[in-house]
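Chain by chain, the residues run as shown.
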Amino acid sequence: MHPDGNVGAILRRAPPGYGASPGRAAGLDAEAVLMQLAHDAGLPSPRVMHVLKPEDELGTRLHHAAHRGREPSRARFCAMSSSPRRVRYWRGSLARVIAGIHGLPASKLPKLREMTATKEIADLEREYRSFGWPRPVFELALRWLRERDPGPSKEVTLVHGDFRHGNLIIGPDGVRAVLDWELAHFGDPDGGSGVDLRQLLALRRDRQAGRRFWLARGDCSPATRKPAARSIPIA
């Protein structure tokens, strides 16, 4: 029983086959450290309440984080582009969060893989080749990436690795939490800004085109505004 009574929280665990690319995942222990460091630095990140240990006999590599509430990101994303003032606000808000992640002190960070653009492209190609199913679109994409490889970075920082709207909890007051740190690594800070440009189109120059993109997908419809439960109460 929590001394404050029922507390909304998220229980995170590692199921069998955890992660789409287990070799690239930081691991839940590292994720917990990163989230807590970000929270302590004043960034929008869940507060880690507890990390389970083997002696707890409740499983391994689990932790719970304080629940911060959630609104459907796509519906909120549509509202984010409703005026030029909102576009400027959200672009600045996201930029501040990304900069804060890149600025976390390296001395406190857990052990993470270090990535370069060259290595990232090679890893993606190796994973693609392992499927044994050639696809022209991926062949073209990999060639395009190789031809534009920027080479070694002049600066190396912590990079979230998957900073995009689907991994953000967003409310009327701004970004409430950054989730899913499993692809965090050391690398080029510009890589941490490479969010899904299709989804951020609404925050770029052609704001109306961005809204049309989401409307075409049906993601600005009232049905998408229903809250998605991703938490459980801990008694």
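Quick summary incoming for the structure in this document. None of the values given here were measured: they were computed from a predicted structure. (Residues numbered from 1 in each chain as written. Predicted model: local features only at pLDDT ≥ 70, side-chain atom pairs only at ≥ 80, totals over all residues. Heavy atoms only, no water.)

Looking at the overall build of the chain
Helix and strand counts for the chain come out as 6 helices and 8 strands. A total of 235 residues make up the chain; the buried ones form 40% of that total. A separation of at least 24 residues holds for 72% of the contacts in the chain among residues at least 6 apart in sequence. Entry remark: accessible area of the chain is about 13800 Å², with carbon and sulfur atoms responsible for 55%. (Helix = DSSP H or I, 4+ residues; strand = E, 2+ residues; numbered from the N terminus. Buried < 20%, exposed > 50% of the residue type's maximum accessible area, 1.4 Å probe, protein only. Contact = heavy atoms within 4.5 Å. Areas by Shrake-Rupley, 256 points an atom, 1.4 Å probe, with all protein chains shown as cover.)

A closer look at the nonpolar core
Core analysis: the biggest nonpolar cluster contains 25 residues, and L34, I101, L109, L158, F163, L168 and W181 have the highest contact counts within it. A per-element tally of this core places helix α1 (residues 28–40) first, with 6 residues. Once residues lying within four places of it in the same chain are set aside, the contact partners of L158 are L34, I101, H102, L104, L109, L112, W181, A184, H185 and F186. (Core = buried A, V, L, I, M, F, W, Y, C linked by side-chain atoms within 4.5 Å.)

As for the pattern of salt bridges
Opposite charge on two side chains allows them to pair when their charged atoms are near. Under the definition given, this model contains 7 salt bridges. Between E125 and R129 there is a salt bridge; the shortest N-O distance is 2.9 Å. Within this pair, E125 and its partner R129 are both found in helix α4 (residues 117–130), separated by 4 residues, close to a single helical turn. Salt-bridge contacts for R129 lead to E139; the nearest nitrogen and oxygen are separated by 2.5 Å. Separated by 10 residues along the polypeptide, R129 in helix α4 and E139 in helix α5 (residues 136–147) bring together distant segments of the chain. On the basis of relative accessible area, R129 is assigned to the partly exposed category, the value being 40%. Where salt bridges share partners, they join E125, R129, E139 and R146 into one cluster. (Salt bridge = Lys/Arg side-chain N within 4 Å of Asp/Glu carboxyl O.)

Details of the packing of α4 against α5
Direction vectors running N to C along α4 and α5 enclose 165 degrees, while the axes themselves pass 10 Å from each other. Here α4 lies roughly antiparallel to α5, going by the angle between them. When the axes of α4 and α5 are compared, the crossing they make is left-handed. Every residue of α5 that contacts α4 at I121, L124, E125, Y128 and R129 is listed here: F138, E139, L142, L145 and R146. Class assignment of the residues belonging to the contact of α4 with α5 gives a composition of 6 nonpolar, no polar and 4 charged. (Axes fitted to C-alpha atoms, helices over the stretch in contact; angles between N-to-C directions. Parallel < 35°, antiparallel > 145°, perpendicular 65-115°, else oblique. Left-handed = near helix turned anticlockwise from the far one by under 90°. Nonpolar A, V, L, I, M, F, W, Y, C, P; charged D, E, K, R; others polar.)

Some thoughts on the pairing of strand β5 (residues 168–171)
The two faces of β5 match: L168 and I170 on one face and I169 and G171 on the other face are all buried. As judged from the 4 bridges shared by β5 and strand β6 (residues 174–178), these two strands associate in the antiparallel manner. Bridge pairing links L168 to V178 in β6. Where β5 folds back onto β6 in an antiparallel hairpin, the turn is made up of 2 residues. (Pairing = 2+ DSSP bridges.)

Description of unusual backbone geometry
The backbone of D180 sits at a positive phi, close to 55 degrees, despite the residue not being glycine. Of note, D180 is situated in the loop between β6 and β7 (185–187). Residue D180 is classed as buried on the basis of its relative accessible area of 18%.

Describing the packing of aromatic side chains
For the structure shown, the criterion picks out 1 aromatic pair. A cation over a ring is seen here: R135 above W133, with NZ or CZ 4.6 Å from the ring centre. (Phe/Tyr/Trp six-rings, centres within 6.5 Å; stacked < 30°, edge-to-face > 60°. Lys NZ or Arg CZ within 6 Å of the ring centre and 35° of its normal.)

So, a nonpolar patch on the surface
Together, L124, W144 and L145 give the surface a local cluster of nonpolar side chains, amounting to about 270 Å² of exposed area. Relative to the elements of secondary structure, L145 occurs in helix α5. On the basis of relative accessible area, L145 is assigned to the partly exposed category, the value being 30%. (Patch = residues over 30% accessible without salt bridge, like charges linked within 9 Å, V, L, I, M, F, W, Y side chains within 5 Å.)

Some remarks on α4
Spacing of three or four residues puts side chains on the same side of an α-helix, whose turn is 3.6 residues. The terminal C-alpha atoms of α4 lie 20 Å apart, and with 14 residues this matches the ideal 20 Å at 1.5 Å per residue to within 8%. Considered for burial, the residues of α4 that qualify are E120, I121, D123, E125 and Y128. Summarising the contacts, the buried residues of α4 are in contact with α5. Positive phi appears at G132, one or two residues downstream of α4, with a value of about 65 degrees. (Expected span 1.5 Å × (residues − 1).)

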